[in-house]
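Chains, contacts and geometry: an overview
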Amino acid sequence: MKSLLLIVLTSLFVSCHSQEKKERIAEVENHEVQTDGVQIGQYVVETFQDSKGNLWFGTLEKGVAKYNGDKLVYLTTNDGLPTNRIVSVIEDNLGNIWFGTGAGLSKFDGKTFTNYSEEDGLCSDMISCLFIDSKGVFWIGTWGGVCRFDGTQFADFSIPYPKIDTEINPDTKDWVTSITEDSKGNIWFGRDGYGVSKFDGSTFVSFTIKEGLNSNNVQSIVEDKEGSIWIGTRVAEKDKAESDKRAGNGGLNKYDGEKFVHFSEIDGLSKSDVFEIYKDDLNEIWFSTTGNGVYRYANNEFVNYNIPSSTMSFLKDKKGNVWLGCAGGLYRISKDGEVVNVMTNGPWE
């Protein structure tokens, strides 16, 4: 997802050529501890916890912030990142941290950055999501389609375009917003303008407004413990230049394998934007809204939390705290439900 915020949220306010240039050593442990009380970032679009327990917060303007339980440091272009726009963070089975950025793909082994761009075969430098599936396939979603990476070479991955009746924004027609895998091994791709595409390893099935989605502009996809697929969509009409035409369908969809269910009775989950959906370790589902905080879905009920900013990412850490990356900073929901704005000087506990 996370990169949409340059279309919708920005309206409220975008490489290295040789191996020598690609690699740069970052003296992370020598960084000055961030103690000033300012927001982690104006836009915190990614939240991630690695296998060592470190928390990572990707921002659109300040690089990535790392909190190791003791201190907060930032990694930026000064350390070797190709840009300070960090929209996706994942970890591979070797412990490398990978960053999806607005200027390509970056691998961090704890000391050295290795950066990859279109000149290395990447399908687009404007990355939107990263995903490693159960077979170890590394998928990269971008504003220019999807590619796969084997650690050495990139390979473009073509997804068919379904026939649609809705208007397409030419700037986002190849934007792949979300990639996930279901319990059967199918890979699901969220697309801006073309709905959802499911790939079973050999064939594709597309889901659009015709099949029951409330919008073809998909932002996030999650499977629940029953095998239903939850799909968050946005109001495409917000792309229109004329403010009086920025209205339409969007919101939350649930697909049970046969039909789609919508949630028009829940504030913020219909005719609105659901940018992010997240499943935690208890199989509870979290949903972002625009203007209505966030919802947690558990025991067939929606529980609302008042978050003053639009949420773009969720993370439930190993202690049970839920971190929310927002347009306006970083927030945390504790196990007892307390909501706090976490700044560079905390509170971290």
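Read on for a plain summary of the structure. The structure presented is a predicted model; accordingly, all values stated were derived computationally and were not measured. (Residues numbered from 1 in each chain as written. Predicted model: local features only at pLDDT ≥ 70, side-chain atom pairs only at ≥ 80, totals over all residues. Heavy atoms only, no water.)

What about the overall build of the protein chain?
Along its length, the protein chain carries 1 helix and 29 strands. Scored against the burial criterion, the 349 residues of the protein chain give a buried share of 57%. Surface accessibility of the protein chain: about 15400 Å² in total, with carbon and sulfur atoms responsible for 44%. (Helix = DSSP H or I, 4+ residues; strand = E, 2+ residues; numbered from the N terminus. Buried < 20%, exposed > 50% of the residue type's maximum accessible area, 1.4 Å probe, protein only. Areas by Shrake-Rupley, 256 points an atom, 1.4 Å probe, with all protein chains shown as cover.)

A few points about the pattern of salt bridges
Across all of its chains, the model carries 10 salt bridges by this definition. A salt bridge links Glu-167 to Lys-240, with the shortest nitrogen-to-oxygen separation between them at 3.0 Å. A residue pair is termed long-range when its members are at least 10 positions apart, and Glu-167 in the loop between β13 (154-157) and β14 (176-181) and Lys-240 in the loop between β19 (229-233) and β20 (251-255) qualify at 73 residues. Assessed through its relative accessible area of 65%, Glu-167 is described here as exposed. (Salt bridge = Lys/Arg side-chain N within 4 Å of Asp/Glu carboxyl O.)

Regarding the layout of surface pockets
Approximately 840 Å³ is the volume attributed to the largest pocket. If you trace the largest pocket, you find 29 residues lining it, with Phe-131, Thr-180, Glu-276, Ile-277 and Tyr-278 closest to the centre. Listed by contribution, the elements that provide at least two residues to the lining of the largest pocket are β2 (44-49), β6 (86-91), β10 (127-132), β14, β18 (218-223), β22 (277-279) and β26 (311-316). Residues of the lining of the largest pocket, tallied by class, amount to 14 nonpolar, 9 polar and 6 charged. (1 Å grid on protein atoms, 1.4 Å probe; cavity = no way out; pocket = protein on both sides within 12 Å on 5 of 7 lines; lining within 4 Å. Points joined across faces, edges and corners; volume = space filled by probe spheres on them. Nonpolar A, V, L, I, M, F, W, Y, C, P; charged D, E, K, R; others polar.)

So, unusual backbone geometry
Following Gly-346, the chain continues to Pro-347 via a peptide bond in cis, the omega torsion being 5°. Here Pro-347 is to be found in the segment after β29 (339-342). Residue Asn-299 is not a glycine yet carries a positive backbone phi of 55°. Given the relative accessible area of 72%, Asn-299 is considered exposed.

Let's talk about the environment of Gly-104
With respect to the helices and strands, Gly-104 occurs in strand β8 (residues 104-108). Residues Gly-104 and Leu-122, 18 residues apart in the sequence, show an inter-C-alpha distance of 7.5 Å. Discounting residues that sit within four places of it in the chain, Gly-104 has contacts with Phe-99, Tyr-116, Leu-122, Asp-125 and Ile-127. (Contact = heavy atoms within 4.5 Å.)

A few points about the packing of aromatic side chains
Following the criterion strictly, the structure yields 37 aromatic pairs and no others. Measuring from ring centre to ring centre gives 6.4 Å for Trp-56 and Phe-108, while their planes differ by 75°; the resulting arrangement is edge-to-face. Of the two residues, Trp-56 sits in strand β3 (residues 55-59) while Phe-108 sits in strand β8, which places them 52 residues apart along the sequence. Relative accessible area serves as the criterion here: at 4%, Phe-108 is assigned to the buried category. Ring geometry for Phe-157 and Phe-204: centres 5.8 Å apart, planes at 50°, overall tilted. (Phe/Tyr/Trp six-rings, centres within 6.5 Å; stacked < 30°, edge-to-face > 60°.)

Thoughts on the sheet that holds strand β21 (residues 260-262)
The sheet built from 4 strands is open, its strands ordered β18-β19-β20-β21 with antiparallel pairing. Only two strands of the sheet have a single partner each, and these edge strands are β18 and β21. The mean angle between the axes of side-by-side strands here comes to 25°, regardless of whether they run parallel or antiparallel. In terms of strand pairing, β19 meets β20 through 5 bridges, oriented antiparallel. Each bridged residue has a counterpart across the sheet, and for Ile-231 the counterpart in β20 is Asn-253. (Pairing = 2+ DSSP bridges. Axes fitted to C-alpha atoms, helices over the stretch in contact; angles between N-to-C directions.)

Things to note about the sheet that holds strand β27 (residues 322-326)
Taken together, 4 strands build an open sheet; the order of strands is β26-β27-β28-β29 and the sheet is antiparallel. The sheet is open, and its two borders are formed by β26 and β29, each paired with just one other strand. Between one strand axis and the next, the sheet turns through 25° on average, direction left out of account.

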